[in-house]
Amino acid sequence: NTGGAADVDGLAKYLVAAGGAVAPTIATVHGRIGHSQIRRILRQHVIGWKGAISAEMGRKMIQTSDRFPEEVFEIVVAARVPGVHEELLPYLKNPNPTLRIQASQAAAASDGPQRAKMLARALEDSDSRVRGAALQAMSETRDSALRPLLEAWINDRVFPERIAWE
């Protein structure tokens, strides 16, 4: 089939013409699309229209992301999709540390009352990479509401894996 490249090019041009109006629809269908190049174009479009994805759309996007959760987490982080913390909880419990890292980054990027609770869970992870990613994501949000959580974690921790540089 020689039409694949033309289809992808046509989709990209259509999305430019359509603007942000189609971003919510894309958010709900992203996880059902098998073609990786098409998903990449759709992700770029949704990320470009950050404010177009509501909390409800973000929740649907995560709920339908079983096949490509890391791509959806990329959208949540880049577009700062609000209020998706409950949908991230199963990923914070996932046996795969890479998914837990990505979920903690998404939790930090998503505004909402559950953000601190989700990040506290990530800070208790058994994998130091997950904890480190959560700490970094927390610092990048520059949210002063997370400061007490961070200070409590630092004050209550022994850092056995920290390398002493001095």
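Given the structure is predicted, the values throughout are model-derived calculations rather than measurements.

How should I be thinking about the overall build of the protein chain in this particular structure?
In terms of helices and strands, the protein chain carries 10 helices and 0 strands. Starting at the N terminus, the α and β elements of the protein chain follow one another as α-α-α-α-α-α-α-α-α-α. The buried share of the protein chain, taken over its 166 residues, is 40%. Counting only carbon and sulfur atoms, one obtains 53% of the accessible surface of the protein chain, whose full area is about 9300 Å². Side-chain charges in the protein chain split into 21 positive and 19 negative, and the spacing between the mean points of these groups amounts to 2 Å.

I would appreciate a short explanation of the pattern of salt bridges in the present structure.
Pairs can form between side chains of opposite charge whenever their charged atoms are close. What the rule picks out here adds up to 10 salt bridges. A salt bridge links Arg39 to Glu71, with the shortest nitrogen-to-oxygen separation between them at 2.6 Å. Taken together, the residues Arg39 in helix H3 (residues 36-48) and Glu71 in helix H5 (residues 69-79) connect sequence positions 32 residues apart. Take Arg39 and Glu71: they sit in the same class, and that class is buried. Residues joined by salt bridges that share partners form a network here, namely Arg39, Arg43, Glu71 and Glu74.

Could you clarify how one ought to interpret the side chain of Glu87 in this entry?
For Glu87, the location among the structural elements is in helix H6 (residues 85-92). It turns out Glu87 is buried and unbridged, and the closest side chain with the opposite charge, Arg59, is 4.4 Å from it. Each residue touching Glu87, except ones within four places of it in the same chain, is listed here: Arg59, Ile62 and Gln63.

Help me out: how do you make sense of the environment of Pro97 in this one?
Its location among the elements puts Pro97 in helix H7 (residues 97-109). When the C-alpha positions of Pro97 and Arg129 are compared, they lie 7.8 Å apart, and in sequence the two are 32 residues distant. Setting aside residues no more than four positions away along its own chain, Pro97 makes contact with Asp127, Arg129 and Val130.

Looking at this structure, I do not really get the environment of Arg67. What am I missing?
Of note, Arg67 is situated in the loop between helix H4 (55-63) and H5. As for Arg67 and Arg39, which are separated by 28 residues in sequence, their C-alpha atoms are 12 Å apart. Those residues in contact with Arg67 that sit more than four places away from it in its chain are Gly31, Arg32, Ile33 and Gly34.

How should I be thinking about the packing of aromatic side chains in this particular structure?
Two numbers describe a pair of aromatic rings. These are the distance of the centres and the angle of the planes. Enumeration over the complete set of coordinates arrives at 1 aromatic pair. An angle of 85° between the planes, with centres 5.0 Å apart, marks the rings of Phe73 and Tyr91 as edge-to-face. Of the two residues, Phe73 is situated in helix H5 and Tyr91 in helix H6; the sequence distance between them amounts to 18 residues. Here the two residues Phe73 and Tyr91 agree in accessibility, since each one is buried. Above the plane of the ring of Phe68 lies Arg39, whose end atom (NZ or CZ) is 3.4 Å from the centre.

Quick notes on the rules
Residues numbered from 1 in each chain as written. Predicted model: local features only at pLDDT ≥ 70, side-chain atom pairs only at ≥ 80, totals over all residues. Heavy atoms only, no water. Helix = DSSP H or I, 4+ residues; strand = E, 2+ residues; numbered from the N terminus. Buried < 20%, exposed > 50% of the residue type's maximum accessible area, 1.4 Å probe, protein only. Areas by Shrake-Rupley, 256 points an atom, 1.4 Å probe, with all protein chains shown as cover. Lys, Arg positive; Asp, Glu negative; His and termini not counted. Charge placed at Lys NZ, Arg CZ, Asp CG, Glu CD. Salt bridge = Lys/Arg side-chain N within 4 Å of Asp/Glu carboxyl O. Contact = heavy atoms within 4.5 Å. Phe/Tyr/Trp six-rings, centres within 6.5 Å; stacked < 30°, edge-to-face > 60°. Lys NZ or Arg CZ within 6 Å of the ring centre and 35° of its normal.

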